[in-house]
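Chain by chain, the residues:
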Amino acid sequence: MLKIDCPWCGPRGENEFTYGGEAGTVRPIPATAIDDAIWARYLYIRRNEKGAHRELWCHSGGCKQWFVMLRDTVTHAIAAIEKIGSP
Amino acid sequence: MSGSRLSSGGLIDRSTPVSFQWLGRTLDGYRGDTLASALLANGVGIVGRSFKLHRPRGIYGSGTEEPNAIIDLSWGERHDPSARATLVDLLPGMQARGVNAWPSVEHDLFGLLDRAHRFLPAGFYYKTFIAPRWHTYESTVRRLAGIGRAREIADPLAYETRHAHCDILIIGGGPAGLAAARAAAAGGLKIILADERTHWGGSLLWHDGEIEDRPAHEWIAATVTALEAAGTVQLMPRTTAFGYYDHNSVGLIERRATAPDGWAEERLWHVHAKRVILATGAIERPLVFPDNDRPGVMSAAAVLHYIRQYAVLPGRNAVIVTNNDSAYETAVALHSAGAAVTVADLRDSMGGAAKRAADHGIKVMTGTAVLGVSGSRGVKGVALGPPDATSLQQATLKLDADLIAISGGWSPAVHLFSQSGGKLRYDAACAAFVPIAPREAQHLGGAVTGSGDLTSALDGGHRAGIEAAAALGRSVATTAPHTTSAPAETPIGAHWRIPIPEARQWVDFQNDVTVNDIALAARENYASVEHLKRYTTLGMAHDQGKTSNINGLALLAEFTGRPIESTGTTTFRPPYVPVSIGALVGLKHGPLYSPKRILPLHATHASLGASFCDYGGWMRPACYPKTGESIADAVAREALAARNQAGLFDGSSLGKIEIFGPDAAAFLNLIYYNEVANLRPGHLRYCLLLQETGIVYDDGVVARLASDRYLLSPSSSHTTGVLSILELWHQTEYPQLRVWFHDVTNAWATFAVSGPRSRDIVERLSTDIDVSDAALPHMTLARGMIEGVPGRIARVSFTGERSYEISVSTGYAAALWQRLRDIGARYGITPFGVETLSTLRAEKGYILIGVDSDGMTLPGDLGMKGPETKKVVDFIGRRSLFTPEARRPDRRQLIGLRASSVLPVGAHAFERQGNDARSTGWVTTSVMSPTVGRPIALAMIESGRERVGQKIEIFDQGRIMEATVVAPCFYDPAGERLRG
């Protein structure tokens, strides 16, 4: 079980958290100006990197705040945790 | 085999005899015995049969490495179909028998399979059971396969799960683990020390040794007493660490035969440790030679263990075969216990240990191996000869023997280390894989590092304890416990097989994997260890390769012409030992498997005779059947009451999320499919919430309470999900908007009064809310005092009838419910449940998300295309409604079906294409309508709206029915009854 240091609540077990996928996906707007291929890429295509990975997590069993975590997908070592919008 | 009990010695309690049954015969042991030691003491030789060839198997080891003694064990209500005799503490009344044999392990008719062994090499079933097809053989093979039979009754044992946090978790209570605990405890840290055995001391339970100038067992007792007295050390005997997971979380299984301080016989521990010390020791490997699987061939360390801890002499006429110094202590112990002993040492020269054994009068033969073993049901004799012999004819000496004690060297128990991501290296000096680079916050000490002697175990453990304490900021000044025990003088002579081509030499005892099977696999190009394992089943038995792994890898390396280090090991995965499913489940079974939410008035509904069902995690009344009334009749009665008089429905589980802040309107408009910013305060709107893919996620009513305040009512089972979506979008996409959310579902009880007489009832409540149609028309809401407490009344309907949803604080739920029933009595008010509501909504064509819709449904498919074309802000999922897929003209659309019988839900509509047929959609809801008096159904059908008026064919499990496509509303399509 990962030990995750919630930026608001402190260290907690992984089972209090929800994984939210890759961080940094930018929502293309306005919708009317976006072609189908760009929209499809936004919806479905992820980098799926091996190694250092920026990802979203939510302390869903606690403060319900989303944050960004830098995790190594091979070793599961957590290098950094950032509040949203404050790197 | 002729095991017997020695007249003195051992850690057994001779004053407490323990009777047990083996194959129906009553045998005696002592308290302190394991089942294995008691069986050996009674001279039992054959305890099991091998998995594939049903060859007789005797006890080989004395711990978790045991590959042979798989026992069906019953005592009291308890039953374990595959216990290992070496791990079972003997209790009175235990009934044990071997498995995988018929009629018994002593006389097993399937033993004939062994004669066919030439036809059953590695992978034989991939090659044999092909024609005509595998299924021809499957049932026979399955009957022959399998070890042990589970009982088909509920497990009577109690289990529980615990979490623990500590500074240092020490795994292994042998010399290294105890030295580590002693050092770390001096730093005042919170420590957990776990060992799989009942007694502390690990290998010191059977090895000679002096520590701190006294016998090892005295040092162990003093150390354990000091650790207990420290008050910061939790000592956990009978506890095996079975899995090492991320970030130093370790799974332990604690077996408590007598459950001394509680009721749970087994406990699963999730330990979260800042540092972990692995002092897991090493496991002795067998030597590989012809017929090395005979009952009576035992691990030399296990023989020593049985003599010293249990005072059991496994044989009187022993041959020791070894390639390292460790077996000489066994030789001396056997000799001292009165057995005749010959040592065959595979190495060429006499080392110090060999010379000392010879000084005791033990015959030591160097450069000698076993070329053959006689005695199919137990060792009778051995043929000795040169280790490089290529034929049995090269035997130089034949000896009578009833015990062969073997040692092929020691494999560090690196399982947990590897599970934690640590890297291994092959060390030729000890002929084993040793740990090099830990990944977690971890330290190692003792035999797990590849050092076999007591001095390095104590030093290594001590150092690990100091380092772990230092890593946590505590400096410890104690010195390592000193010992005079000498390290091994002569290095191990790695030896992997006897090169006699036709001989059968076992590598995996339980699964019958021989040297020739590995050679065959290598010839057939199963050159990777992972492929070798799966093709031959090497290491896949109960012991999970603890005895066979390294020998198998070394042989694969030889047969593929590679060095061992480049062959590598298979991946070590949890669990290290078998863990009972019950322990993993813990308390999460029965009613606690998935705890249900109940309504505030659950007891009231029960007293009204409600039939409860689970709806999305809520236990809610399905309907309220009267005595002798069927569910269908109750639903029909309740539905007609709601249509003709008045019904009363407990909607308290319906989600209630309050949203407030100056930007509430702007935010919600970016979230919901429907326009909600122009909703006037006091008004309601039915809205859809989409996923970014455009798929409908939820439907619900959005109420505007004030210009800066909304109330959402998501479906009961989606409330948490909707709140998560609001949080996600607010925090990540629109953080600049000033808006807050609060789930108030549990704070409010909500009752719906529905039906033509509903207004008559509601206006008789004591309230300052004007419920006239002018003041409170359909889809509006008002706040005020209701029966003396603050509340809300909303005109919103899920039945298609005029309805009033009345909400008050949960604490007043019972009073309001009773008041509504009292007032409503004269209007025939009838409580109705979820099944009735589901029938009423189906008559109106109101959908249930997840029932009528699925993971492909867009709002247009449900006939709600308005906002898609009119709303201009970029609400969630908007762009996805304009893709080619979303605009396909043949998408499935919601329609109604009329048929002569109730259509099965899930039945497919189809169209014929020549002799073939193609599904065009399916039935999603289907009921017998009490109101219109005939079957009605909702369905999602391709281009459904264009088909209104057409007849279509419906297929279900071989049956073909006919239905007519109609608009998805069977009752009051103009909605006149809603508005009144």
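Just so it is clear, the structure is predicted and the values come from calculations on it, not from any experiment.

1. Observations concerning the overall build of chain B
Part 1 of the reasoning: The helix and strand inventory of chain B stands at 24 helices and 52 strands.
Part 2 of the reasoning: In summary, chain B has a C-alpha radius of gyration of 38 Å against a globular reference of 30 Å for 980 residues, an excess of more than 25%.
Part 3 of the reasoning: Overall, the C-alpha framework of chain B stretches about 115 × 75 × 55 Å when taken along its three principal axes.
Part 4 of the reasoning: Burial statistics for chain B: of 980 residues in total, 51% are counted as buried.

2. Comments concerning the overall build of chain A
Part 1 of the reasoning: When helices and strands are tallied, chain A shows one helix and six strands.
Part 2 of the reasoning: When its helices and strands are written in sequence order, chain A yields β-β-β-α-β-β-β.
Part 3 of the reasoning: Within chain A, buried positions represent 10% of all 87 residues.
Part 4 of the reasoning: Taking as baseline every contact in chain A between residues at least 6 positions apart, the subset at least 24 positions apart corresponds to 47%.

3. Regarding the interface of chain B and chain A
Part 1 of the reasoning: Counting residues at the interface gives 21 residues for chain B, matched by 19 residues for chain A.
Part 2 of the reasoning: Ranked by residues supplied to the side of chain B that touches chain A, first place goes to helix α19 (residues 719-732) of chain B with five residues.
Part 3 of the reasoning: Looking at side-chain class alone, the side of chain B that touches chain A contains four nonpolar, nine polar and eight charged residues.

4. Overview of the environment of B:L87
All names here are of chain B.
Part 1 of the reasoning: By the element assignment, L87 lies in the loop between β7 (78-84) and β8 (95-98).
Part 2 of the reasoning: Taking the C-alpha atoms as reference, L87 lies 7.7 Å from L35; in sequence the two are 52 residues apart.
Part 3 of the reasoning: Beyond its immediate sequence surroundings of up to four residues, L87 is in contact with G63 and T64.

5. Here we look at helix α8 (residues 352-359) of chain B
Residues and elements named next belong to chain B.
Part 1 of the reasoning: Considered for burial, the residues of α8 that qualify are A353, A354 and A357. One side of α8 holds all its buried residues, which, seen down the axis, span an arc of 100°. In α8, the exposed residues that point more than 90 degrees away from the buried face are K355 and D359.
Part 2 of the reasoning: The elements touched by buried residues of α8 are α7 (327-336), β21 (340-345) and β22 (363-366).
Part 3 of the reasoning: G361, located one to two residues past α8, shows a positive phi value of around 95°.

6. Some points on the nonpolar core
Residues and elements named next belong to chain B.
Part 1 of the reasoning: Membership of the largest hydrophobic core comes to 178 residues, with the highest contact counts inside it found for I191, I320 and I404.
Part 2 of the reasoning: Non-local contacts of I191, meaning those with residues more than four positions away in its chain, are made with C166, D167, I168, I170, A181, A184, A185, T232 and V233.
Part 3 of the reasoning: Residues L648, L679, L689 and L938 belong to the second largest nonpolar core, which totals 98 residues.

7. A closer look at the sheet that holds strand β33 (residues 597-598) of chain B
All names here are of chain B.
Part 1 of the reasoning: Taken in spatial order, the three strands of this open sheet run β33-β35-β34, and their pairing is mixed. Sheet topology places β33 and β34 (611-615) at the edges, where each strand pairs with a single neighbour.
Part 2 of the reasoning: As defined by bridge partners, β34 adjoins strand β35 (residues 618-623) across five bridges and the pair is classed as antiparallel. Paired with C613 across the bridge in β35 is R620.
Part 3 of the reasoning: Its contacts with the sheet put helix α17 (residues 631-644) on β34 and β35, and the angle it makes with β35 is roughly 80°.
Part 4 of the reasoning: The sheet strands contacting helix α22 (residues 834-844) are β34 and β35, and the helix crosses β35 at an angle near 65°.

8. Some remarks on the packing of helix α4 (residues 175-185) of chain B against helix α10 (residues 454-471) of chain B
All names here are of chain B.
Part 1 of the reasoning: Between α4 and α10, whose axes approach to 7 Å, the crossing angle comes to 35°. Along this stretch, α4 crosses α10, giving a crossing that reads as right-handed. Across the interface between the two elements, P175, A176, G177, L178, A179, A180, A181, R182, A183 and A184 from α4 touch L454, A457, L458, G460, G461, H462, A464, G465, I466, A468 and A469 from α10.
Part 2 of the reasoning: Class assignment of the residues belonging to the contact of α4 with α10 gives a composition of 15 nonpolar, five polar and one charged.

9. Remarks on the pairing of β21(B)
Residue and element names in this part refer to chain B.
Part 1 of the reasoning: Of all the six residues making up β21, five are buried; the element is thus mostly covered by neighbouring parts of the structure.
Part 2 of the reasoning: Sheet analysis places strand β20 (residues 317-322) next to β21, joined by six bridges and oriented parallel. Bridging across to β21, V321 finds its partner in A344.
Part 3 of the reasoning: Each parallel crossover has a hand, and the one from β20 via α7 to β21 is right-handed.
Part 4 of the reasoning: Where β21 meets β22, four bridges bridge the pair, whose relative direction is parallel. Its bridge partner lying in β22, A344 is registered against M365.
Part 5 of the reasoning: As a crossover connection, the stretch from β21 through α8 into β22 is right-handed.

10. Some details on the packing of helix α6 (residues 300-310) of chain B against α7(B)
Residue and element names in this part refer to chain B.
Part 1 of the reasoning: Closest axis-to-axis distance for the α6/α7 pair is 9 Å, and the angle between their directions is 40°. When the interaxial angle is binned, α6 and α7 end up oblique. As for the relative orientation of α6 and α7, their crossing is left-handed in sense. Between α6, through A300, V303, L304, I307 and R308, and α7, the contact on the second element is made entirely by A327, E329, T330, A333 and L334.
Part 2 of the reasoning: Residue classes in the contact of α6 with α7 are distributed as seven nonpolar, one polar and two charged.

11. Description of the pairing of strand β5 (residues 66-72) of chain A
Residue and element names in this part refer to chain A.
Part 1 of the reasoning: The buried fraction of β5 is high, at five of seven residues.
Part 2 of the reasoning: One ladder, built from seven bridges, connects strand β4 (residues 52-58) with β5; its direction is antiparallel. Each bridged residue has a counterpart across the sheet, and for E55 the counterpart in β5 is M69.
Part 3 of the reasoning: Note: β5 against strand β6 (residues 78-83), five bridges, orientation antiparallel. For L70, the partnering residue across the bridge sits in β6 and is A80.
Part 4 of the reasoning: Between the antiparallel neighbours β5 and β6 lie five residues, among them H76 with a positive phi of about 65°.

12. Thoughts on the environment of B:L592
Residue and element names in this part refer to chain B.
Part 1 of the reasoning: Relative to the helices and strands, L592 resides in the loop between α15 (581-585) and β33.
Part 2 of the reasoning: Take L592: there are 10 C-beta atoms within 10 Å of it, and that puts it in the exposed class.
Part 3 of the reasoning: Put simply, L592 and P621 are 29 residues apart on the chain and 20 Å apart in space, counted from C-alpha to C-alpha.

13. Describing the confidence of the model for chain B
Part 1 of the reasoning: Confidence in the prediction of chain B, expressed as mean pLDDT, is 94, and 99% of residues score 70 or more.
Part 2 of the reasoning: For this predicted complex, the interface score ipTM comes out at 0.97, alongside a pTM of 0.90.

14. Focus on the sheet that holds strand β24 (residues 381-385) of chain B
Residues and elements named next belong to chain B.
Part 1 of the reasoning: Here we have three strands laid out as an open sheet, ordered β23-β24-β25, and antiparallel in their pairing. Every other strand in the sheet has two partners, leaving β23 (369-374) and β25 (397-400) as the edge strands with one partner each. Strand after strand, the sheet turns through a mean of 25° between neighbouring axes, direction not considered.

15. Comments concerning unusual backbone geometry
Part 1 of the reasoning: Cis rather than trans, the peptide bond between A:I29 and A:P30 has omega equal to -5°.
Part 2 of the reasoning: On the secondary structure map, A:P30 appears in the loop between β3 (18-22) and α1 (36-44).
Part 3 of the reasoning: The omega angle of the peptide bond from B:P574 to B:P575 is 0°, so this bond is cis rather than trans.
Part 4 of the reasoning: Positive phi outside glycine occurs at A:H76, with the angle close to 65°.
Part 5 of the reasoning: Among the secondary structure elements, A:H76 is positioned in the loop between β5 and β6.

16. Some details on the environment of B:W206
Residue and element names in this part refer to chain B.
Part 1 of the reasoning: Relative to the assigned elements, W206 resides in the loop between β10 (191-194) and β11 (210-211).
Part 2 of the reasoning: In the structure, W206 is positioned 103 residues away from Q309 in sequence and 6.1 Å away in space, judged by C-alpha atoms.
Part 3 of the reasoning: Apart from residues lying up to four places away in sequence, W206 is in contact with L304, H305, R308 and Q309.

So, how was this worked out
- Residues numbered from 1 in each chain as written.
- Chains lettered and ligands numbered in written order.
- Predicted model: local features only at pLDDT ≥ 70, side-chain atom pairs only at ≥ 80, totals over all residues.
- Helix = DSSP H or I, 4+ residues; strand = E, 2+ residues; numbered from the N terminus.
- Rg over C-alpha atoms; globule rule 2.2 N^0.38 Å.
- Buried ≥ 20, exposed ≤ 12 C-beta atoms within 10 Å, placed from the backbone.
- Contact = placed C-beta atoms within 7 Å.
- Nonpolar A, V, L, I, M, F, W, Y, C, P; charged D, E, K, R; others polar.
- Arc of directions from axis to C-beta.
- Core = buried A, V, L, I, M, F, W, Y, C linked by C-beta atoms within 7 Å.
- Pairing = 2+ DSSP bridges.
- Axes fitted to C-alpha atoms, helices over the stretch in contact; angles between N-to-C directions.
- Left-handed = near helix turned anticlockwise from the far one by under 90°.
- Right-handed = clockwise from strand over helix to strand, strands pointing away.
- Parallel < 35°, antiparallel > 145°, perpendicular 65-115°, else oblique.
- pLDDT = per-residue confidence, 0-100.

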